[in-house]
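# Commentary on secondary and tertiary structure
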Amino acid sequence: MGDATVTQPEGLEAALPPPVAAETGPGVLRRLRTPRRPRFWFEILLIAVSYWTYSLVRNAVPEQKAEALRNADWIWKAEHQLGIAVEESVNHAVNSVTWLIIGMNYYYATLHFVVTLGVLVWLYRRHPGRYAATRLVLFATTAVALAGYYLYPLAPPRLMNGGDFIDTVMVHQTWGSMASGDLKNMSNQYAAMPSMHIGWSVWCGLTIFALASVPWVRVLGLLYPALTLVVIVATANHFWLDAVGGVLCLAFGFAVARLWYGRLPYALPERVPGREPAGSRSWVPGWRPGRKPVGPRSRVSPGQERPVARDRV
């Protein structure tokens, strides 16, 4: 008998997942740089430990009060020379509207964490292929901010010597700042530069704008960091230039992710090869559970179902 030849439909090879050997072939570094499906419990543990470490390091930095106050005076003078020293006017104007400033106090205390965690969860569920790289941006941004707190201690406007700023949390007796009231001994009060309220909110805004498919959600993504900027100034927790420092830290975070993955996080594939959770869309184009994958160039014989395009996430 002659040798039997098994042929494979054209396009099927391209649609099937790569063999296991292809995953074990590259070196360790290449495997680490390849986007993989995140593991839920590992991510929960990683975020919890990372934030605990960040808080520990940030609060362990010596509170160099004299230097922090001198730096605040320098920042304030520099902003006057630049013509952007309007923080005091914004602080007094917003403080005169009680309901507005109280709302901003709670905004400052809560959304910084709630929105950031919400975006991480959304990335994990909807864009697993981009999750690790986008998370790396956030982690690198926060890490370099710690260096800023140590190298450049800075008092917030509400703690300046001779300033006329209003500590809105103290005046209105709201829970809005770990550096005010009974909680002031639990936080480093002189870690205002850079502003991670801005660094994290811009990260959230850019991520939502780049990946969301609903127009009004993308608009909200852009409004979030803009409103955060107004809040940090109105509550006298930061200068305008602290926000610039936060954006520079974020730029560093994007540079780290770009160097590690070879492209920006938002340009990575939405999904990665691997076992899909039940009920989720497959990473293979035109494939659904229980249906043979059909390549884009394969011929469809009569009676055979055509591939169905995936919904846009």
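Refer to the preceding data block for the structure.
Residues numbered from 1 in each chain as written. Predicted model: local features only at pLDDT ≥ 70, side-chain atom pairs only at ≥ 80, totals over all residues. Heavy atoms only, no water.

Turning next to the overall build of the chain. Helix and strand counts for the chain stand at 12 helices and zero strands. Shown N-terminal to C-terminal, the secondary structure of the chain runs as helices and strands in the order α-α-α-α-α-α-α-α-α-α-α-α. With 313 residues in all, the chain has 42% of them scored as buried. Put simply, 80% of the contacts in the chain that link residues at least 6 apart link residues at least 24 apart. On the chain, roughly 18000 Å² of surface is accessible, and the fraction owed to carbon and sulfur atoms is 63%. (Helix = DSSP H or I, 4+ residues; strand = E, 2+ residues; numbered from the N terminus. Buried < 20%, exposed > 50% of the residue type's maximum accessible area, 1.4 Å probe, protein only. Contact = heavy atoms within 4.5 Å. Areas by Shrake-Rupley, 256 points an atom, 1.4 Å probe, with all protein chains shown as cover.)

Turning our eyes to something else, we now look at the pattern of salt bridges. Side chains carrying opposite charge are able to pair once their charged atoms draw close together. In the structure shown here, the tally under the stated rule is two salt bridges. Notably, a salt bridge pairs D167 with R158, separated by 3.6 Å at the nearest N-O pair. E270 is the partner of R271 in a salt bridge, and the nearest nitrogen-oxygen pair spans 3.7 Å. For R271, a relative accessible area of 11% translates into the label buried. E270 sits in the buried class, given a relative accessible area of 16%. (Salt bridge = Lys/Arg side-chain N within 4 Å of Asp/Glu carboxyl O.)

What follows concerns the packing of aromatic side chains. Counting across every chain of the model gives six aromatic pairs. Seen from their ring centres, W76 and F239 are 6.1 Å apart, and the 40° between their planes marks the pair as tilted. Here W76 is found in helix 5 (residues 65-82), whereas its partner F239 is found in the loop between helix 11 (215-234) and helix 12 (240-261), with 163 residues between them in sequence. Ring centres 5.9 Å apart and planes at 85° place the aromatic pair Y124 and Y131 in the edge-to-face group. Chaining the aromatic ring pairs together yields one cluster made of W76, F165 and F239. Directly above the aromatic system of F139 lies the positively charged group of R135, at a separation of 5.8 Å from the ring centroid. (Phe/Tyr/Trp six-rings, centres within 6.5 Å; stacked < 30°, edge-to-face > 60°. Lys NZ or Arg CZ within 6 Å of the ring centre and 35° of its normal.)

Along helix 6 (residues 87-95), the residues that are buried comprise E87, N91, V94 and N95. Within helix 6, the buried residues cover an arc of 100° as seen down the axis, which keeps them to one side. (Arc of directions from axis to C-beta.)

With an omega of 0°, the peptide bond between M193 and P194 qualifies as cis. If you trace the backbone, P194 turns up in the loop between helix 9 (168-172) and helix 10 (196-211). Positive phi, normally seen in glycine, also occurs at Q173, with a value near 55°. Turning to its location among the elements, Q173 is positioned in the loop between helix 9 and helix 10. With phi around 60°, A236 is a residue other than glycine that occupies positive phi space. The residue A236 is located in the loop between helix 11 and helix 12 in this model.

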